[in-house]
Amino acid sequence: MPEPTVLYVLNGPNLNLLGVREPEVYGHATLADVQALCEAAADGATVVFRQTNHEGELIDWIHEAREKASALVLNAAAWTHTSVALHDALKTLTIPIVECHLSNPAARERFRHRSYVSPVAAGVVSGFGSFSYELAVKAALRLVQERTGAAGRSNQTT
Ligand code: CA2
């Protein structure tokens, strides 16, 4: 029987404010809305959706994903542009990593142009608001499917 597909969708600092502040940059959807979109896009796969404002906690979750996840969708927010610790933790993973952003950092300030996630990611989805997450989840599922031949409903019997 194939292993159930488990997608970790992890979010970095300040994303808890989504939909509450700066809607002109990040849109009106809340993080709870984004979670619902990810679950709907996951085609029955299990979604573990979390957000933290503490860098060490994100690192711990990445270590946890090493054991428990089939793929990782990561919006590391500002740590994308600053964190060698994050890069090192991601480098230990063998599962596919999809980097995800609401905005398009490449079209913003220069300090957002560097990503410590991109070099270890299978790909990047950015600039589509909450739709970026849906696309990233679909991409992650496809990558799992390509690796194992089994992504989608955890309880699929046929
Ligand atoms: O576009 C993205 O998803 C970002 O990862 C968002 C980060 C930013 O530092 C990256 O360059 C691009 C910022 C997340 C902060 O989220 C907020 C949401 C609402 C109000 C204020 C901040």
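The numbering scheme is per chain: residues are counted from 1 as the chain's sequence reads. Predicted model: local features are reported for residues with pLDDT of at least 70 only, side-chain atom pairs are reported and counted for 80 or more only, and whole-chain, interface and lining totals are derived from all residues. The basis for every side-chain value is the complete set of heavy atoms in the structure, and neither hydrogens nor water enter the calculation.

Comments concerning the overall build of the protein chain
Scanning the protein chain for helices and strands turns up five helices and five strands. Every helix listed is a DSSP run of H or I at least four residues long, and every strand listed is a run of E at least two residues long, numbered separately from the N terminus. Counting from the amino terminus, the protein chain carries its helices and strands in the arrangement β-α-α-β-α-β-α-β-β-α. As defined in this context, the radius of gyration uses C-alpha atoms, and a globule is described by 2.2 Å times the residue total to the power 0.38. By the compact-globule yardstick of 15 Å for 158 residues, the protein chain fits well, its C-alpha radius of gyration being 15 Å. Once the C-alpha set of the protein chain is aligned to its principal axes, its extents read approximately 50 × 30 × 25 Å.

Description of the pattern of salt bridges
The rule for a salt bridge is simple: a side-chain nitrogen of Lys or Arg has to be within 4 Å of a carboxyl oxygen of Asp or Glu. Enumeration according to the criterion identifies four salt bridges in this entry. In this structure, Glu64 and Arg50 form a salt bridge, with 2.9 Å as the shortest nitrogen-oxygen distance. One end of the pair, Glu64, is in helix α3 (residues 55-68); the other, Arg50, is in strand β2 (residues 46-51), with 14 residues separating them in the sequence. Only protein chains enter the accessibility calculation, which uses a 1.4 Å probe; a residue is then buried when its area is under 20% of its type maximum, exposed when over 50%, and partly exposed in between. Residue Glu64 is classed as partly exposed on the basis of its relative accessible area of 23%. What makes Arg50 partly exposed here is its relative accessible area of 23%. One connected set of salt bridges, linked through shared partners, spans Arg108, Glu109 and Arg112.

Topic: the environment of Ala78
Structurally, Ala78 can be placed in the loop between β3 (71-75) and α4 (84-91). Considering only alpha carbons, one finds Ala78 and Pro13, 65 residues apart in sequence, at a separation of 6.8 Å.

Overview of the site of the ligand
Any residue with a non-hydrogen atom lying within 4 Å of a molecule or strand is treated as near it. Taken together, 16 residues sit near the ligand, with Asn75, His81, Leu102, Ser103 and Arg112 positioned nearest. Two N or O atoms count as a polar contact when they lie within 3.5 Å, although within protein this holds only if one can serve as hydrogen donor and the other as acceptor, and sequence-adjacent residues are included solely when both atoms are side-chain atoms. With respect to the ligand, the backbone of Asn14 contributes an N or O atom lying 3.5 Å from an oxygen atom. Each residue is assigned to one class: nonpolar for Ala, Val, Leu, Ile, Met, Phe, Trp, Tyr, Cys and Pro, charged for Asp, Glu, Lys and Arg, and polar for all the others, Gly among them. Of the residues in the shell around the ligand, the class split is eight nonpolar, five polar and three charged.

A few points about the side chain of Ser132
Within the fold, Ser132 resides in helix α5 (residues 131-148). One polar contact links the side chain of Ser132 to the main-chain amide nitrogen of Phe128, over a distance of 3.0 Å. Contacts are assigned to residue pairs with any non-hydrogen atoms lying within 4.5 Å of each other. Once you skip the residues sitting within four places of it in the chain, Ser132 turns out to touch Cys100, His101, Leu102, Val125, Ser126 and Gly127.

Topic: the layout of surface pockets
By rolling a water-sized probe across the atoms, one finds the places where empty space is left. Of the grid points, spaced at 1 Å and generated over the protein atoms alone, those admitting a 1.4 Å probe that cannot get out make up cavities, while open sets with protein on both sides within 12 Å along at least five of seven lines make up pockets; any residue with an atom within 4 Å of a point is treated as lining. Grid points are joined across faces, edges and corners, and a volume is the space filled by probe spheres set on the points. Put simply, the largest pocket is a space of about 380 Å³. Every residue lining the largest pocket is counted, 18 residues in all, and those nearest its centre are Pro13, Asn14, Leu15, Tyr26 and Ala77. Partitioned by chemical class, the residues of the lining of the largest pocket number nine nonpolar, five polar and four charged.

Comments concerning the confidence of the model for the protein chain
The share of residues in the protein chain with pLDDT of 70 or more is 93%, and the mean pLDDT across the chain is 93. Confidence scores labelled pLDDT are given residue by residue by the predictor and lie between 0 and 100. Put simply, helix α1 (residues 23-26) is where the protein chain has its lowest mean pLDDT, 85, and strand β1 (residues 6-11) is where it has its highest, 99. pLDDT under 50 marks residues 154-158. Its contacts with residues more than four places away, or in other chains, come to six contacts.

Some details on the sheet that holds strand β5 (residues 123-126)
Overall, parallel pairing links the five strands, which are arranged β2-β1-β3-β4-β5 in an open sheet. The open sheet has two edge strands with one neighbour each: β2 and β5. The average undirected angle you get between the axes of adjacent strands in this sheet is 20 degrees. Here five bridges tie β1 to β3, and the two strands are oriented parallel to one another. Along β3, the bridge assignment pairs Tyr8 with Leu72. On the sheet, α3 packs against β1, β2 and β3 and is oriented at approximately 170 degrees with respect to β1. In this scheme, strands are said to pair when DSSP sees at least two bridges between them. Convention adopted: a line fitted to C-alpha atoms gives each axis, helices being fitted over their contacting stretch, and angles between N-to-C directions are expressed from 0 to 180 degrees.

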